Amino acid sequence: MNPDSEKMFETIIEASRSTSVVNRSDVLICGGGPAGIAAAIAAAREGARTSLIEVQGCLGGVWTAGALSWILDHENKPGIMAEILERLQAGGFRSRLADGTWTNAYDPEGMKSVLEEMCMEAGVHIRLHTRVVAAGVDETKRLTHVITESKSGREAWTAGMFVDATGDGDLAAAAGCGFDMGRDEDGHTQPMSLMALLTGLDADQVRVIRAFIGEVTRALAGKLPISVRAPLCVDVALRRKGDRSILHFVNRASGIPNQPNNGAIDEIPKVGPIVITMKTTKPPTSVSAAWEGSKPKWTHKGQTLTISLDTLHIHEAIVVL
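On a predicted model such as this, the values are computed, not experimentally measured, just so you know.

1. Thoughts on the sheet that holds strand 15 (residues 304–309)
The strand order across the open sheet built from four strands is 9-12-15-14, with neighbouring strands paired in antiparallel fashion. For this open sheet the edge positions go to strand 9 (226–229) and strand 14 (297–301), each flanked by a neighbour on one side alone. The mean angle between the axes of side-by-side strands here comes to 15°, regardless of whether they run parallel or antiparallel. In terms of strand pairing, strand 14 meets strand 15 through five bridges, oriented antiparallel. In the strand pairing of strand 15, T299 is matched with T306.

This is the structure we're talking about:
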């Protein structure tokens, strides 16, 4: 055992100190991701003295620091979202196909530049590398100030209105609001995602490789514990937890060029049918869908379980017990 491990639970009392108020705003936005950017630009354009605090060294959140590189569900969004896309296109930061069709992909470095320019043009006061660590409330539990820490030390910010766009509700939690974390039964949260950026690829060759991988997967299906017959735009993952097998399906049709609205949630085409074959020594007690409305059909013969879905919209999880 680490001899210092017991000391990890000790506490100390810090000396009281005065914290300088470095900014007074009409609107203070904590978090410079997509939501925070929109809030800051909108407030500043309405004439409010607006300040934006961001923990990373750039604006954009998951769009930039998170290297997402793919804008989700933007087609039915006018206003600031449409303006961002126009600026990305004008700057050469948005990707397009060989036939000239614009895609949802963009250059994260270009996105950083576009968002900073839009905020500065609107008159937003930006502070990067700054983290919200505490908040103060009055006797009515109304927020009065935010405490931050950065290379400039510990500082206080006041405002007439505060916007929590931290993504994790950090400001609300610091102000004393209740919150839940993870799923109800065990508190587990969604695993982290890993993003990677690849350059110099030939898009046509990528499609050929993807089709080849699909053929190889189907050829090996007889040697794997699960076999899937589905359109190429459907991704399937199998996870086992105790006596349960969980099949998760995702419809990637929103990434197929020339689809209506190219990704708007209401316009993602339904695909199917989907047939899954699994090796199992005994019949399941139940096969159910996680989302209401889906009714998977299933049969069990010998040591083979066959599950079928007529159609898949966006995503689905099937639980086999």
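2. Observations concerning the pattern of salt bridges
In total, this model carries 12 salt bridges according to the counting rule given. A salt bridge links R49 to D26; the shortest N-O distance between them is 3.1 Å. With R49 in the loop between helix 1 (34–45) and strand 2 (50–53) and D26 in strand 1 (residues 21–30), the pair connects residues that are 23 residues apart, well separated along the chain. Judged by its relative accessible area of 31%, D26 falls in the partly exposed class. One salt bridge connects E149 with R154, and the closest N-O pair in it is separated by 2.6 Å. The class of E149 is partly exposed, set by a relative accessible area of 35%. Owing to a relative accessible area of 31%, R154 belongs among the partly exposed residues under this scheme. Overlapping salt bridges bring together R45, E83, R87 and E121 as one network.

The rules behind the values
- Residues numbered from 1 in each chain as written.
- Predicted model: local features only at pLDDT ≥ 70, side-chain atom pairs only at ≥ 80, totals over all residues.
- Heavy atoms only, no water.
- Pairing = 2+ DSSP bridges.
- Helix = DSSP H or I, 4+ residues; strand = E, 2+ residues; numbered from the N terminus.
- Axes fitted to C-alpha atoms, helices over the stretch in contact; angles between N-to-C directions.
- Salt bridge = Lys/Arg side-chain N within 4 Å of Asp/Glu carboxyl O.
- Buried < 20%, exposed > 50% of the residue type's maximum accessible area, 1.4 Å probe, protein only.

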